[in-house]
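Chain and residue survey
Next come the chains, spelled out residue by residue.
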Amino acid sequence: MERYTGVIDKYRERLPVAPQTRAVSLNEGATPLVELENLPRLLRRNVRIYAKFEGLNPTGSFKDRGMTMAVTQAVAAGARAIICASTGNTSAAAAAYAARAGIACFVLIPEGKIALGKLSQAMMHGSVVIQIRGNFDDGMRLVQEVAKTAPVNIVNSINPYRLQGQKTIAFEVIEALGDAPDYHALPVGNAGNITAHWIGYSEAVCESTDACAFCAGKCEFRKTKIATRRPIMLGYQASGAAPIVRGRPVESPETVATAIRIGNPVSWQQALAAQKESGGWFAECSDEEILRVQKLLAESEGIFCEPASATGLAGVLKDLELGRIGEGSSIVVTLTGHGLKDPDTAIAHSAKPLTVDAELPAIERVIREHLKR
Ligand code: F0G
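The paragraphs below set out a description of the structure included in this document. Source: prediction; values computed, not measured.

Near the ligand you find 21 residues, and of these S86, N190, A191, N193 and T336 are the closest. Side-chain polar atom of K63 to a nitrogen atom of the ligand: 2.9 Å apart, as the coordinates give it. Measuring from an oxygen atom of the ligand, one finds a backbone N or O atom of N190 at 2.7 Å. Look at the ligand: alone it shows 470 Å² of surface, and the protein chains cover 98% of it. If you map the ligand onto the pockets, it falls in the largest cavity. Those elements that place two or more of their residues in the shell around the ligand are α4 (89–101), α9 (192–204) and α13 (307–321). Here the shell around the ligand is built from residues that sort into eight nonpolar, 11 polar and two charged.

As structure tokens, then:
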């Protein structure tokens, strides 16, 4: 078997990358699709729920799939610097892939509003971290303005190569299940990822040999049909940052799920198209629901995802309860980022560690007390 070297090498024929272009990669992708075994039983639901655990990518989120494409193309085009606005994960991925490529990286983050793990990644990989007194939407606007004059390449998801990389998640799900699931659920912030999922699923059922719209005839994706159908797409937002659910931008978005603390998503229209074409819907979850499901998943399945990632599963559990998702369904939930990204939130919402004397009876007492419960 050939050594796995990331999504570009694996899916090159389905991506707009020239055959001779060397991929800037950290062997991202090939993440596990874990079937949840205990949750459906606990909830007494006859459904199959699979978690696509994107937290196991090299920098701990799905952003790596898109960043390998964006940075590979930036380098191929001769760029010497990249820039992004971020709620944390994009900056972590940009910083790491820029380091790999040996180019400069500038990241704009909302001051005080990104999780500690993500901040440490951007700093550790040597990017220039610019904290702005504003939110993600302000950062996004500034990045687009500065890129008009400064020699920097934007690697936010308005860069179409990002979505091309991220679409590979759909191919992996299809390979693992043999076909598309009934439903695919995920959290929605800037709305690039749901757009990318839909591109992937749509290409998977396409047999056309025409050059694709994306490359305008310059590349030819291999169009081999690998699925017989597309899933119904379910997008979930945090209640304090739910512009798509409400149908209007949110001026000052607020949520514990800082990764999706976004009030005016760039890919809003594409996300709506994915929802409509798939027959799906958008819905919201409160911060309490998000934190409860993050904990439930960690305690009942051994999977630790960050709060934003739990939003997708929280939405699915709610819609199962409401009967919007029927019995017997197969559901894939993208768990977008690792729980270790945000240790502060995890610690704040868990039981405090016990402190006892370093003596045998003390430990025995704790065990006895616990097992009595
Ligand atoms: N989940 C996580 C963990 C994220 O980091 C993001 C986005 C999303 C979900 C939403 O994905 O924006 O494509 O709809 N994070 C971006 C960032 C905005 O800067 O890291 P989306």
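What follows deals with a nonpolar patch on the surface. Taken together, L354, V356, I363, I367 and L371 make up a surface patch of nonpolar side chains, about 510 Å² in accessible area. Within the secondary structure, V356 sits in the loop between α14 (343–348) and α15 (360–372). You can call V356 partly exposed: its relative accessible area is 40%.

Let us now look at the sheet that holds strand β5 (residues 128–132). The sheet built from four strands is open, its strands ordered β5-β4-β3-β6 with parallel pairing. For this open sheet the edge positions go to β5 and β6 (153–154), each flanked by a neighbour on one side alone. Summarising the sheet, strand β3 (residues 81–85) and strand β4 (residues 104–110) pair through five bridges and their orientation is parallel. Bridging across to β4, C84 finds its partner in V107.

Reading guide: rules and limits
- Residues numbered from 1 in each chain as written.
- Predicted model: local features only at pLDDT ≥ 70, side-chain atom pairs only at ≥ 80, totals over all residues.
- Heavy atoms only, no water.
- Near = heavy atom within 4 Å.
- Polar contact = N/O pair within 3.5 Å; in protein donor to acceptor, adjacent residues only side chain to side chain.
- Areas by Shrake-Rupley, 256 points an atom, 1.4 Å probe, with all protein chains shown as cover.
- 1 Å grid on protein atoms, 1.4 Å probe; cavity = no way out; pocket = protein on both sides within 12 Å on 5 of 7 lines; lining within 4 Å.
- Sits in = over half its atoms within 2 Å of the grid points.
- Helix = DSSP H or I, 4+ residues; strand = E, 2+ residues; numbered from the N terminus.
- Nonpolar A, V, L, I, M, F, W, Y, C, P; charged D, E, K, R; others polar.
- Patch = residues over 30% accessible without salt bridge, like charges linked within 9 Å, V, L, I, M, F, W, Y side chains within 5 Å.
- Salt bridge = Lys/Arg side-chain N within 4 Å of Asp/Glu carboxyl O.
- Buried < 20%, exposed > 50% of the residue type's maximum accessible area, 1.4 Å probe, protein only.
- Pairing = 2+ DSSP bridges.

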